[in-house]
Amino acid sequence: MWTMRSPWRAFIAFAGITLLLAADLVALYWALTRSPRSNAWIVVVAALSAPIVGGGSKSLLSWWRKSTLSPSEQQLRAVANAFATQLRSNLPREARADGISRPLEIRWRWTTRAKNALTMDELSSSPLPSGFGPAPIATRLSGSRLPTAGTVTELGGLYQQLEDGRLAILGDKGSGKTGALMLLSLAELARRDLPSEEWTSNVPIPVLLAVKGWDADSEPLLDWASRAIVHSHRAIFRGQPEVIQRHDGLEAVRRLLDDGAIALCLDGLDEMDSTLLQSKALEQMTAEQQIRIVLTSTAEAFNAANTQGQLGHAAVIDLLPVDVHSAKRYLLDGQVSRRLKVWTDFTNQLELSPTSAAARAFADPLTISLVHDAYRKQGDPAELMDAERLPNRPQLLDRLFSTLLSNEYPDATERQRVKMLLVWLAAQMAIRDTSDLAWWRIRRWVLPWLPCVVASLLFGAAGGVVSGLIGGAALGAAFSGGLFLACSIVSAAIVITGTRHDRRLHGPLPRLTVAVCLGAVFGAGVALIRELPRAAVNLGGIEIGLAIAFGIVIGLAIGLVALHDGPMIGRMRPPSVGEAFAGLAAGGVSGLGVWIVVGGPLGLIVGLVAGVGFTLTYAWTHPSPRPYQEVSAAASYAADRRASQIFGAIGGISTGLGFGISGYLSLGLHRGLTIGIASAILSGVAGAVTTSQAIALRITALGLITRGIVCWQPIKRLEGAYHRRILRQVGTVYQFRHDELSRYLSREPMRRHVE
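Basis of the calculations
- Residues numbered from 1 in each chain as written.
- Predicted model: local features only at pLDDT ≥ 70, side-chain atom pairs only at ≥ 80, totals over all residues.
- Heavy atoms only, no water.
- Helix = DSSP H or I, 4+ residues; strand = E, 2+ residues; numbered from the N terminus.
- Contact = heavy atoms within 4.5 Å.
- Areas by Shrake-Rupley, 256 points an atom, 1.4 Å probe, with all protein chains shown as cover.
- Patch = residues over 30% accessible without salt bridge, like charges linked within 9 Å, V, L, I, M, F, W, Y side chains within 5 Å.
- Salt bridge = Lys/Arg side-chain N within 4 Å of Asp/Glu carboxyl O.
- Pairing = 2+ DSSP bridges.
- Phe/Tyr/Trp six-rings, centres within 6.5 Å; stacked < 30°, edge-to-face > 60°.
- Buried < 20%, exposed > 50% of the residue type's maximum accessible area, 1.4 Å probe, protein only.
- Lys NZ or Arg CZ within 6 Å of the ring centre and 35° of its normal.
- Arc of directions from axis to C-beta.
- Axes fitted to C-alpha atoms, helices over the stretch in contact; angles between N-to-C directions.
- Core = buried A, V, L, I, M, F, W, Y, C linked by side-chain atoms within 4.5 Å.
- 1 Å grid on protein atoms, 1.4 Å probe; cavity = no way out; pocket = protein on both sides within 12 Å on 5 of 7 lines; lining within 4 Å.
- Points joined across faces, edges and corners; volume = space filled by probe spheres on them.
- Nonpolar A, V, L, I, M, F, W, Y, C, P; charged D, E, K, R; others polar.
- Polar contact = N/O pair within 3.5 Å; in protein donor to acceptor, adjacent residues only side chain to side chain.
- Parallel < 35°, antiparallel > 145°, perpendicular 65-115°, else oblique.

**Quick word on the overall build of the protein**
So, point 1. Along the protein, the regular secondary structure elements total 29 helices and 12 strands.
So, point 2. Pairs at least 24 residues apart make up 80% of the contacts formed inside the protein by residues separated by at least 6 positions.
So, point 3. With the model as given, the accessible surface of the protein reaches about 32,800 Å², and the carbon-plus-sulfur share is 61%.

Below, the structure written as structure tokens:
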């Protein structure tokens, strides 16, 4: 086995790159010396050789970097230990954020609600199929009987004895399924510290993943899980050997999954988009025999999926409603002084009235935790026992939510503004019949054309400044106005039409279309700067037509970008062959336009500058292919802002270079430098505004003002509601922590109250 990269690989790779570059230079020299059609040959040779040299060099470098080593057992053990350490640090913090720091005593029993599920005796007595099941856990007691019931804090006793490693936890919404999964994960992480355990599949690392957004019909479970784990836990690969960091750590994580060293705790089968995807997910889970899998779902979704694709040889349990005595112990835990007396009086009333509306409402952990949060600092929860004022669950929950908002937002002005935003969001979600609040889609709910108009205004300003520096203020104003009007009309029409029909763009084709449009604009802009000073300025003639043409093409690009679904991702990395080809193709469009109007040398320069710029843009920024599966809403918001800054910087530098060089050739150094700097700044800002969902959300705040909602930073309001446990997060998507809260806010009386 090799212990380092082979020297002969490096020699062959770099020799091949040198030969490719040498051949390219020879071809360019030959094209330059041809006569009389040297310009045409330069463009042809450059267009053909650039992708060949770029793609060939990238392939050779990739081949050289490909190591003959696979991660050793010792290296995988180090990664596993680092991973477990990070989870032990992060998971308690996430549990506290979700209100699970003090576990509620939720009981479970063997299922009576799941169809086609094995009974405890059937699971205990039926042998595993040949080759099925993960490696046994070291502490498994041979011949021991599976427990029939218990509390969620004791789920480890059942999990450790499952030879097949399959456990499904069923419960209604708000019944504590996610909390049970977190408690099980924390318990298993603690077991890894026991000195008698081995690191291998005896004590697999429990990794909690939300399955919402997983396309089980087209993506294998292990591929999705590997990518989701790497994306959520990049820090574990820092400082690891290069063989571990290869492919961003995907190969190492996949090895751990294949070896059964990771257990998948999959939360929210019922959150997947369709029954078909849910059944496909169960089929894939059954097929991956070497991995321990714990799954949560509602009984209804599990039964619907289980009729088409069963979770084979699994233990299925139901979470039971919380009894009054367990609720009392939870609510009194940690109370001191005067608040202890208040809570004691309330819980005593609960015990004396087990059939009251309040006692019945507190049968699920979510409602109990809401009561605790609503009256944590002040107020008397005994008011919830007033049967005359609050005779049923809906009215009791209305009072509970009102108190929660009042106590979490004591300032009346802030509370009113937050209420107005939450009421509007709940109403929009009710109209669309969704429980998901994706922050990047809020821009579609109010004046969706407004960010496009702002971007058009910036592009119009850029065009006006550049043309004004060339032909004077009158030309600049006319060019700016024509470009802005055409750009804003086209982009707004695309966005309004797409929003009305709920169009969401994905894949490489829209990106390539946008790149070609911007490449054409860039090339035409360079040519115009070179040729416009030679032409007579005629405000009613061709200049206005050119401005409108520029505006239409830019508006098309802005409209297509606005319809992409999901936040942007920005990360500096080497471009792939496909990205290099697409970037150079867009750059070739720019160079071709300049060659047609001006000539070959300037066209070659422009093509190279644009090609490099587009290639870097393709490689370093792109819409998230799976927006639901990012780490968190705040993290995806920050990543989007970072990506827009990268995009704006690359676009601004490329535009400034191209326009500046062209201005220097036609107008001299001083004016060329001024044109380059002005175009770099304005086009960079315009590009950032065009691509960023985060900036679009900030602009949308202006639209919210037209609805009477003062909210300059919506993401901060949403994060504040999340940290106050009014909202929860599933990946990057917010949801109201309680479905009843969403219905409460979206009711017409509440809307009138806020207005």
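Moving on, there is more to tell.
**Brief notes about a nonpolar patch on the surface**
So, point 1. Taken together, the side chains of Leu673, Ile677, Ile681 and Val685 make up a nonpolar region of the molecular surface, amounting to roughly 380 Å² of accessible area.
So, point 2. As for its placement among the helices and strands, Leu673 is situated in helix α25 (residues 669–691).

**So, the sheet that holds strand β12 (residues 733–736)**
So, point 1. Taken together, three strands build an open sheet; the order of strands is β8-β12-β11 and the sheet is antiparallel. Each edge of the open sheet is held by one strand with a lone partner, namely β8 (437–438) and β11 (727–730).
So, point 2. Relative to β12, β8 runs antiparallel, the two sharing two bridges. Note that in β12 the partner of Leu437 across the bridge is Tyr734.

**Examining the packing of aromatic side chains**
So, point 1. Under the definition given, this model contains eight aromatic pairs.
So, point 2. Consider the rings of Trp439 and Trp440, whose centres lie 5.8 Å apart with planes at 85°: the pair is edge-to-face. The exposure classification of Trp439 matches that of Trp440, with both residues buried.
So, point 3. Judged by centre distance (5.2 Å) and plane angle (70°), the ring pair of Trp439 and Tyr637 falls under edge-to-face. In this pair, Trp439 is assigned in the loop between β8 and α18 (450–471) and Tyr637 in helix α24 (residues 633–667), connecting sequence segments 198 residues apart. With respect to class, Trp439 is no different from Tyr637; both count as buried.
So, point 4. Counting every residue linked through ring pairs, the aromatic cluster contains Trp439, Trp440 and Tyr637.
So, point 5. When the ring centre of Tyr159 is taken as reference, the NZ or CZ atom of Arg292 above it lies at 5.6 Å.

**Comments concerning helix α9 (residues 250–258)**
So, point 1. Those residues of α9 that sit buried are Ala252, Val253, Leu256 and Leu257. Looking straight down α9, one finds that the buried residues subtend no more than 140° of arc, so they occupy a single side.
So, point 2. Of the residues trailing α9, Gly260 is marked for its positive phi of about 75°.

**Some details on the sheet that holds strand β7 (residues 315–319)**
So, point 1. Pairing in this open sheet of seven strands is mixed, and the strands run β2-β1-β7-β3-β6-β5-β4 from one edge to the other. What marks the edges here is a single partner per strand, and that holds for β2 (149–151) and β4 (205–210). The sheet shows a mean angle of 20° between the axes of neighbouring strands, direction not considered.
So, point 2. Here strand β1 (residues 107–110) runs beside β7; their pairing, made up of three bridges, is antiparallel. Of the residues in β7, the one forming a bridge with Trp108 is Leu319.
So, point 3. Strand contacts of helix α11 (residues 299–306): β3 (166–170), β6 (293–297) and β7, with the helix running at about 115° to β6, the strand carrying the most contacts.

**Concerning the nonpolar core**
So, point 1. By size, the foremost hydrophobic cluster in this structure holds 86 residues, and its most contacted members are Leu158, Leu167, Phe362, Trp439 and Leu745.
So, point 2. Here this core gets nine residues from one element, more than from any other, and that element is helix α17 (residues 412–431).
So, point 3. Of all hydrophobic cores here, the second largest spans 47 residues; its members include Val207, Leu209, Leu222 and Ala314.

**Comments concerning the pairing of β3**
So, point 1. Taking burial as the measure, the five residues of β3 include five buried ones, the bulk of the element.
So, point 2. Taking every second residue as pointing to the same face, both faces of β3 are buried, with Arg166, Ala168 and Leu170 on one and Leu167 and Ile169 on the other.
So, point 3. When β3 meets β6, the two strands line up parallel, connected through five bridges. Bridged to Arg166 within β6 is Ile293.
So, point 4. Bridge analysis of β3 against β7 gives four bridges, and the strand direction is parallel. Of the residues in β7, the one forming a bridge with Ile169 is Ile317.

**What to know about empty space enclosed by the protein**
So, point 1. Applying the stated criterion to the full structure yields one cavity of 30 Å³ or more.
So, point 2. Approximately 50 Å³ is the volume attributed to the largest cavity.
So, point 3. Arg443, Pro451, Cys452, Ala455, Ile558, Ala562, Val689, Thr690, Ser692 and Ala696 together form the lining of the largest cavity.
So, point 4. Element by element, the count of residues in the lining of the largest cavity is highest for α18, at three residues.
So, point 5. Partitioning the lining of the largest cavity into residue classes produces seven nonpolar, two polar and one charged.

**Looking at the pattern of salt bridges**
Close approach of charged atoms allows side chains of opposite charge to pair.
So, point 1. If you walk through the whole model with that rule in mind, you get 18 salt bridges.
So, point 2. Across the salt bridge formed by Glu188 and Arg191, the nearest N and O atoms sit 2.8 Å from each other. Separated by three residues within a single helix, Glu188 and Arg191 lie in helix α6 (residues 177–191), roughly one turn from each other.
So, point 3. Exposure remark for Glu188: the relative accessible area of 2% places this residue in the buried category.
So, point 4. We classify Arg191 as buried; its relative accessible area is 9%.
So, point 5. Here Arg725 ties to Asp373 by a salt bridge, and the two come within 2.6 Å at their closest N and O atoms. Note that Arg725 is positioned in the loop between α27 (714–723) and β11 and Asp373 in helix α15 (residues 365–374), a separation of 352 residues in sequence.

**Some remarks on the environment of Ile554**
So, point 1. Within the secondary structure, Ile554 is located in helix α21 (residues 542–562).
So, point 2. With residues near it in sequence (within four places) discarded, Ile554 still touches Phe459, Leu483, Cys487 and Val521.

**Let's talk about the side chain of His564**
So, point 1. Relative to the helices and strands, His564 is located in the loop between α21 and β9 (568–570).
So, point 2. Taking relative accessible area as the criterion, His564 reaches 8% and is therefore assigned buried.
So, point 3. A distance of 2.3 Å separates a polar side-chain atom of His564 from the backbone oxygen of Val561.
So, point 4. Among residues more than four places away in sequence, those in contact with His564 are Leu505, Pro623, Thr691 and Gln693.

**So, the packing of helix α16 (residues 393–408) against helix α28 (residues 739–746)**
For any two helices packed against each other, one specifies the inter-axial angle together with the distance between the axes.
So, point 1. Viewed as axis vectors pointing N to C, α16 and α28 meet at an angle of 85°, and their least axial separation amounts to 10 Å. Classified by the interaxial angle, the pair formed by α16 and α28 is roughly perpendicular. Here Leu397, Asp398, Phe401, Ser402 and Leu405 of α16 come into contact with α28, specifically with Glu740, Leu741, Tyr744 and Leu745.
So, point 2. Partitioned by chemical class, the residues of the contact of α16 with α28 number six nonpolar, one polar and two charged.

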